[in-house]
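Coordinate analysis (summary)
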Amino acid sequence: MTSPFDPLRDQLLGAAESLADGPAALPEILAGIVDDVDHALREPLEIFPVCHHSPASALAMLRRLRAKQPKVIYLELCEDLQPLLTELRNCRLPVALQAFASELDGFPKESAPLSVIAPITEASAEYQAISYALDTPGVELVLVDRSTDHVFQWQPDVSSPADTPEPEDDLHGDAVGVEIGDLRPRFAELEEHLLHHGRVRHWSEWWDQYVEQPLAGADHETYRQVMVLVGSLFRRLAPHDTKRYASDEDRERYMWTRIREHLGRSGTDPADCLYICGAFHAASRVAEAGSAPGTADFAISPRTGTTWLYGLIPSSHSAIESQFGLAPGSVSIAASTWQKQLLKLRLTPFRLEGQKGARKTRKALPLPVAASGPVVDHLTGYLAGPPALDGLDEEELRGWCVDIVRLARRNGYLASTADAIAVFETSVLLAGMRGRVRPTPYDFQDAAVTCIEKDTVPGRRDVRRLCEILLGGDRIGQVGYEALPPLARDVYDRLAPLGLDLEQRSIQRALLDLSARPELAGCSQLLWMLRYLLPDQAVRPIMGSRKLGERHIQESWDLDLGRNQRAVIELGYEGVTVEQVLEQRLRRDAWDPKATAATALKAVENSLLFLESPRLTDELGARAIELLAAERTVDDAPDVLRRIRRLLGHYRATTPVLPGWCGRFVTEGYAHYCTLLPTAFVEEETGVRQVGAMLGFLFSMESLALSLGCDRTQLEIAVRQSHPESPAKIALLWAALHQLGALPLADLRERVGELLGNPLVVPSFPQYVSGFVQALEPVPRLAPFVVETLSQAFARLPDPVLLPWLPNLITTLKQQAAELVPVLTREAGRTFPGSLAALDSWTAPWNTPPRARPAAGPAGPAGAVAALLAAGPAAADAVAAMLGCAGEWTPLATETADEAAAATALLTAFPAAAEAVADLISA
């Protein structure tokens, strides 16, 4: 059977034979690409090859749709994304179709969440086909590519995806991109060869120079043949022993199976259909490609039990470039080329009615053009003749040069008219050096960087970024209200009383006067929940805070929901309301395999702040008890102590009784920390702050724990079994013994004096001081003694020991004991004189010799106590009754001198009992 491409095949084979030193497979490759073109063009179903976000493909698609007006369009796109296409009317492009799954069934749990995105831009052949099909009566659009579930079924390893771009540079995050019409050589040596001989730096620049520009005005047949030729070349040079190649073939069998199924079901004539796929797949030679309709040999595996959620998210030019490895600014340049070619060729693109930027009326389509005759070879003339390149457009280039200088001035560059002239001349020079008739945007970028940027970048944007802004900018799409999920719409509705345009892509200030407008309390509550769920830059409080026990009457917020719309939309994949999503997040944090008791207590606190759900709070509290009992380390003891103290204070101030889980947490923590205390004192891995936090929990919660049934003997035994070796922990142990009454303050002061008097211990004395500072957490009444110890250290330690220790003390207090510094400061303010004049005559209290106690008389302490007891006889009688003694207190005025002297002598002999009674009365 003769083929119109036989002369071209013979010509290429002759050229291959003349290359004696060429590869052995070269004749087979050259003949094969011609055969692929012939095979694709003979297919009864017209195959339309496209390239990813290519303006040349979009222009060819626009012209072909107007000429052929197909009744059925088969599009290479995940078949389960079809319901989303109608929602494109409510969006501003670019946007991305997204499938999202957080609860997996059939995939590894550690790979969650799974996400698939398919970006859509106006300058793409896919969008032109979608717009034509949805707005033209009688036209059916069928998506035939594998489903999103099969995308991950066929992925080699879902749990370890490939390298993904940084989130801050990519609106698509770590989602898997569906590459519609991906056309890039998978043979690294070929790409390097093309870039080197094309005198370009990136594949996007080579494609724009040698494919996009020549094909922009080509006729339909020439476009099809060239695109299939390029796709076949890249396909045949790709490694065939890779899993990706096998996946490509399965993907092609999948699409042809779906096409045959639809043709057999609908009875549509293939001549009235159009199959849009990537040029790489258009050159496919799988067996199904030529099979008759109605046959289905490829077995499609069933979907897993994973539930997929679908929606639209905003995209951007930079996100698409990062997602698919394109050169920065290439998508913006493609959009600019698309608009320029539309004006040049006087074409009206297809746009969905109702979409922002679309015209309200559409022109009627012309009558379809009759089908063309037999296949004619257009490749030979195209490959043999020189490309029809446009001449130098001086007006366009001059406008770029003037605008870039103006933009550079606004961004801090010292640019002038001379720089504009230099950029113009350099652009022409670079184009000539690279064999181009007219400078491309990439030549212009290089010239602008060379002539304007010089050595430094004065602002946030460099010149290359300014060129991207000038040539189209990083256009960011937006999803309309009607296309949002229920949760996102609920957020916008509940924030409507603020009177702000939340779709605006700028930071807006919201002022909430809750006393004057109580109805804004709901907005405040929602904003605080969004603050917890969304990124920091989306919702940021300027005035006001949300803590237990706080209530603000005025708040101020900076809202940037317009630029963080994707985060709001993805919340809708987790639940129907913000409250539901927040509850799920709290449960997920508390039941995470790496969760600790501190994590669960944080979830408890957040549930009290944001959700009024006692049931959830009790469940999270029970989870905290469970995690605390299972912990074998005390690394989170400071966080646990701080959070449980705050929660107990909140409950004591707001509820008549403590919740049951609080009591169980205190008793469990008391027993838990008593058990781990001796080991924590000895282990080097456990820090002083952790041990101090354990003692702080035991001593501060002691009264509550004892009232709930705990035994104090357990704590005493744990302390006596502790035998630390490090100086800081020894100081902590002494403080604990003092709190238990086993080490009086006089003995503690004596031990510190012995340390300062021992030359062998003096170098390590700063560590003792650090331990005493940490002891303020469990024993706050030691504050005067700690001030005394610090003063003794500054007074008696030698400079070689003191000076190196001071920076370490300051950093330790800042990092580990910041809340203890105010305690020391207040105690020092009570101890030291308040004026400089009083300092000269001031004597430290610990240096003042003790005065002799008077034997008897009302002037002494015992006399004062006697007078106090005599002045309140009823209180004394009540105390006596509590102690089991009967009788009345003898009034002071009626008692005899002997009785008064006896009482005074008794009180003088037992001052401790008198002081205890005085404390009881004052309390």
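Being a predicted model, the structure only gives us computed values, none of them experimental.

Cut-off values and rules
- For every chain, the first residue of the written sequence is number 1, and numbering continues from 1 onward in sequence order.
- Local features in this predicted model are restricted to residues whose pLDDT is 70 or higher, and side-chain atom pairs enter the listing and the counts only when it is 80 or higher, whereas totals over whole chains, interfaces and linings include all residues.
- The basis for every side-chain value is the complete set of non-hydrogen atoms in the structure, without hydrogens or water.
- Any Phe, Tyr or Trp ring, taking Trp's six-membered ring, that has another such ring centre within 6.5 Å forms a pair; planes under 30 degrees apart are called stacked, those over 60 apart edge-to-face, and the others tilted.
- Starting at the N terminus, helices and strands are each numbered in turn, a helix being any DSSP run of H or I of at least four residues and a strand any DSSP run of E of at least two.
- The cut-offs for exposure are 20% and 50% of the maximum accessible area for each residue type, with area from a 1.4 Å probe on protein chains only; residues under the lower value are buried, those over the upper are exposed, and the others partly exposed.
- Think of it this way: DSSP has to see at least two bridges between two strands before they count as a pair.
- Only C-alpha atoms enter the line fits that serve as axes; for helices the fit covers just the stretch in contact. Angles between N-to-C directions range over 0 to 180 degrees.
- By definition in these notes, contact holds between two residues if any of their heavy atoms fall within 4.5 Å.
- Here, patches come from residues exposed beyond 30% relative accessible area and free of salt bridges, joined within 9 Å for like charges and within 5 Å for nonpolar side chains (Val, Leu, Ile, Met, Phe, Trp, Tyr).
- Here the accessible surface of atoms and residues is derived via Shrake-Rupley with a 1.4 Å probe, and residues count as covered only by protein chains that are part of the display.
- Whenever a carboxyl oxygen of Asp or Glu lies within 4 Å of a side-chain nitrogen of Lys or Arg, that contact is scored as a salt bridge.
- Only four residue types enter the tally: Lys and Arg on the positive side, Asp and Glu on the negative side, with His and both chain ends excluded.
- A charged residue contributes its charge at one atom only: NZ of Lys, CZ of Arg, CG of Asp or CD of Glu.
- These descriptions rest on fixed angle ranges, namely under 35 degrees for roughly parallel, over 145 for roughly antiparallel, 65 to 115 for roughly perpendicular, and the rest for oblique.
- Under the grouping applied here, Gly and all other residues not named as nonpolar or charged are polar, the nonpolar ones being Ala, Val, Leu, Ile, Met, Phe, Trp, Tyr, Cys and Pro and the charged ones Asp, Glu, Lys and Arg.

**Looking at the packing of aromatic side chains**
- Inspection of every chain in the model, using the stated rule, returns 16 aromatic pairs.
- An angle of 45° between the planes, with centres 6.3 Å apart, marks the rings of Phe794 and Trp805 as tilted. Note that Phe794 is positioned in helix α32 (residues 783-796) and Trp805 in helix α33 (residues 799-816), a separation of 11 residues in sequence.
- Look at Phe794 and you get partly exposed, because its relative accessible area is 43%.
- Residue classification places Trp805 among the buried positions, given a relative accessible area of 6%.
- Aromatic ring contacts, followed pair by pair, group Trp734, Tyr768, Phe772 and Phe785 into a single cluster.

**Some remarks on the sheet that holds strand β1 (residues 47-50)**
- In spatial order, the strands read β1-β8-β2-β6; together these four strands make up an open sheet with parallel pairing. The open sheet has two free edges, formed respectively by β1 and β6 (140-145), since each of these has just one partner strand. With direction set aside, neighbouring strand axes in the sheet form an average angle of 30°.
- With four bridges joining them, β1 and strand β8 (residues 273-278) adopt parallel strand pairing. Among the inter-strand pairings, Ile47 is bridged to a residue of β8, identified as Tyr275.
- Set on the sheet, helix α3 (residues 55-68) makes contact with β1, β2 (72-78) and β8; between it and β1 the angle comes to about 160°.
- On top of the sheet, helix α4 (residues 125-135) reaches β1, β2, β6 and β8; it is set at about 135° to β2, its chief contact.

**A look at a negative patch on the surface**
- Taken together, the side chains of Glu683, Glu684, Glu685 and Glu725 present a region of like negative charge at the surface.
- Mapping Glu725 onto the fold places it in the loop between α28 (712-720) and α29 (727-739).

**Notes on the pattern of salt bridges**
- According to the stated counting rule, one finds 36 salt bridges in the structure shown.
- Across the pair Arg587 and Glu583 runs a salt bridge, and its minimum N-O distance is 3.0 Å. Residue Arg587 and its partner Glu583 are located together in helix α21 (residues 578-590), separated by four residues, close to a single helical turn.
- The residue Glu605 makes a salt bridge to Arg643 at a minimum N-O spacing of 3.1 Å. Of this pair, Glu605 sits in helix α22 (residues 597-610) while Arg643 sits in helix α24 (residues 637-654), and the two are 38 residues apart along the sequence. As far as the burial class goes, Glu605 and Arg643 line up, both buried.

**Observations concerning the sheet that holds strand β12 (residues 539-543)**
- Read across the open sheet, the three strands follow the order β11-β13-β12; overall the sheet is antiparallel. One side of each edge strand has no neighbouring strand; the edge strands of this open sheet are β11 (508-513) and β12. Between one strand axis and the next, the sheet turns through 25° on average, direction left out of account.
- As paired elements, β12 and strand β13 (residues 554-559) share four bridges and run antiparallel to each other. For Met543, the partnering residue across the bridge sits in β13 and is Ser556.

**Side note on the pairing of β13**
- Most of β13 sits out of view: five of its six residues are buried.
- Of the strand pairs in this sheet, β11 and β13 are connected by six bridges, and their pairing is antiparallel. Residue pairing in the sheet places Ala510 in a bridge with Trp557 of β13.

**Structural notes on the packing of α21 against helix α23 (residues 614-630)**
- Contact geometry for α21 and α23: axes closest at 10 Å, N-to-C directions at 10°. Considering their axes alone, α21 and α23 lie roughly parallel with respect to each other. Mapping the contact onto sequence places Glu583, Leu586, Arg587 and Ala590 in α21 and Arg615, Leu616, Glu619, Leu620, Arg623 and Leu627 in α23.
- Split by residue class, the contact of α21 with α23 holds five nonpolar, no polar and five charged.

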